[in-house]
Amino acid sequence: MTAPIRFPRFFVTSPAPCPYLPGRQERKVFTELKGAHADQLNEALGRIGFRRSQTVAYRPSCLDCQACVSVRVVASEFKASSTQKRDIKRNRDLIVTECRPWATDEQFELLTKYLSVRHPDGGMSTMDELDYADMVEHTPVTSTLTEYREPTESGEPGRLVGACLTDRQGDGLSMIYSFYDPDHEGRAGLGNYIILDHIQRAARSGLPYVYLGYWVDGSPRMQYKVRYRPLERLTREGWQRMNRDEQSRLIAAATAPRDKKAGTIDGARGKDGQPVKFPAS
């Protein structure tokens, strides 16, 4: 006899400074992912806006703010812009390998370099090797660590220049965390390319969506997520496609020149607000 699936217990974190918007407080609701049905639970929660961090699924539950909006790309209908086509052409020689979620020293060195340049004040910048191993290896669901390597002269996989921790769900790929060489002069657009590659691989696999996490209107470092068309966002009425004209305005604002220091918040915890630690349940 099959054991029944138990309804998960949910918990709420204490208010803390928002990592995206200055002067605001954030709060999260979360539950533990464990057991034989962890994949099914993670997928069900993902469809209503939850994200995974290690063995926890969480989503914002702020008292006076709904700025964090879950977004996903419709992979089968994706149309690359001229800039995205250049990113694909520039990086298409990279050797892409889906690996089991196992942390390596090479990956950690790349992550450390990425964080020191892109998120030097974030909470993830204090991660050590054990923290990184926990992030990658503590997964109760179907996950992969995708590596992006430059080819050697003989065509073999060589230097690691990018990586992405990804969950495979029944309806798509959920990008948990990606990082790459931020100073590689010959590979502009590496971060975009990793997303574009996920979109292409989802489409080839017949998976309809690529989940990008939370788009935060008003947070400059979250605006890159609006550049992928068509984009759906989660509303109170369910998933809805973003209006083309609205998305065009958002893309124009996201690509406009701005002060590099704009949007910097003391104590920010990474590009996706990665919650490294949760209260014990």
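Note that the coordinates shown come from a computational prediction; the quantities given were computed from them, not determined experimentally.

Caption draft 1: Summary view of helix H1 (residues 38-46). Those residues of H1 that sit buried are Ala38, Asn42, Glu43, Leu45 and Gly46. On an axial view of H1, the arc spanned by its buried residues comes to 165°, and they lie on one face. In this fold, the buried residues of H1 make contact with strand S4 (28-32), strand S5 (51-53), strand S6 (56-60), strand S10 (157-169), strand S12 (209-216) and strand S14 (238-241).

Caption draft 2: Representation of helix H4 (residues 129-137). Looking only at H4, the buried set comprises Tyr132, Ala133, Met135 and Val136. Along the long axis of H4, the arc covered by the buried residues comes to 160°, so they all point the same way. The inward-facing, buried residues of H4 contact helix H3 (105-118), strand S9 (143-151), S10 and strand S11 (172-180). Capping the start of H4 is the job of one residue whose side-chain oxygen sits 3.1 Å from the backbone nitrogen of leucine 130: aspartate 128.

Caption draft 3: Structural view of the side chain of arginine 52. Relative to the helices and strands, arginine 52 resides in strand S5. Only 2.7 Å separates the side chain of arginine 52 from the backbone oxygen of glutamine 54, close enough to count as a polar contact. Polar contacts involving the side chain of arginine 52 include one to the side chain of serine 143, which spans 3.5 Å. Other than its neighbours up to four places away in sequence, arginine 52 contacts Leu33, Asn42, Ala57, Tyr58, His138, Thr139, Pro140, Val141, Ser143, Leu165, Asp167 and Ile176.

Caption draft 4: Fine view of the sheet that holds S9. If you walk across this open sheet you meet the 8 strands as S8-S9-S10-S11-S12-S7-S13-S14, and the pairing is mixed. Of all the strands in the sheet, just strand S8 (95-99) and S14 have a single pairing partner and so form its edges. Averaged over all pairs of adjacent strands, the angle between strand axes in this sheet comes to 35°, irrespective of strand direction. In the sheet, S9 pairs with S10 via 8 bridges, with the strands oriented antiparallel. When the bridges of S10 are listed, proline 151 appears paired with proline 157. In this fold helix H5 (residues 190-204) packs onto strand S7 (68-74), S8, S9, S10, S11 and S12, with an angle of close to 160° to the strand it touches most, S11.

Caption draft 5: Seen up close, the pairing of S7. Burial runs high along S7: 6 of the 7 residues are buried. As defined by bridge partners, S7 adjoins S12 across 7 bridges and the pair is classed as antiparallel. Directly across from arginine 72, in S12, lies its bridge partner tyrosine 211.

Caption draft 6: Main features of the packing of aromatic side chains. Within the structure shown, the criterion is met by 10 aromatic pairs. Geometrically, the ring pair formed by tyrosine 209 and tyrosine 211 is edge-to-face, given 6.3 Å between the ring centres and 70° between the ring planes. On the basis of relative accessible area, tyrosine 209 is assigned to the buried category, the value being 18%. Taken together, the ring pairs connect Phe108, Tyr132 and Phe179 into an aromatic cluster. Positioned above the aromatic ring of tyrosine 209, the side-chain terminus of arginine 72 is 3.6 Å from the ring centre.

Caption draft 7: Structural detail: empty space enclosed by the protein. Inspection of every chain in the model, using the stated rule, returns 4 cavities of 30 Å³ or more. For the largest cavity, the calculated volume is near 60 Å³. Together, Gly46, Gly49, Phe50, Arg51, Ser70, Val71, Gln169, Ser174, Tyr211, Gly213 and Trp239 line the largest cavity. Counting residues per element, the ones that place at least two in the lining of the largest cavity are S7 and S12. When grouped by side-chain class, the residues that make up the lining of the largest cavity number 4 nonpolar, 6 polar and 1 charged. In this model, the second largest cavity occupies a volume close to 40 Å³. Glu98, Thr144, Thr146, Thr166, Arg168, Leu173, His198 and Arg201 are the residues that line the second largest cavity. Counting residues per element, the ones that place at least two in the lining of the second largest cavity are S9, S10 and H5. Across the lining of the second largest cavity, the residue classes break down as 1 nonpolar, 4 polar and 3 charged.

The rules behind each value
Residues numbered from 1 in each chain as written. Predicted model: local features only at pLDDT ≥ 70, side-chain atom pairs only at ≥ 80, totals over all residues. Heavy atoms only, no water. Buried < 20%, exposed > 50% of the residue type's maximum accessible area, 1.4 Å probe, protein only. Helix = DSSP H or I, 4+ residues; strand = E, 2+ residues; numbered from the N terminus. Arc of directions from axis to C-beta. Contact = heavy atoms within 4.5 Å. Polar contact = N/O pair within 3.5 Å; in protein donor to acceptor, adjacent residues only side chain to side chain. Pairing = 2+ DSSP bridges. Axes fitted to C-alpha atoms, helices over the stretch in contact; angles between N-to-C directions. Phe/Tyr/Trp six-rings, centres within 6.5 Å; stacked < 30°, edge-to-face > 60°. Lys NZ or Arg CZ within 6 Å of the ring centre and 35° of its normal. 1 Å grid on protein atoms, 1.4 Å probe; cavity = no way out; pocket = protein on both sides within 12 Å on 5 of 7 lines; lining within 4 Å. Points joined across faces, edges and corners; volume = space filled by probe spheres on them. Nonpolar A, V, L, I, M, F, W, Y, C, P; charged D, E, K, R; others polar.

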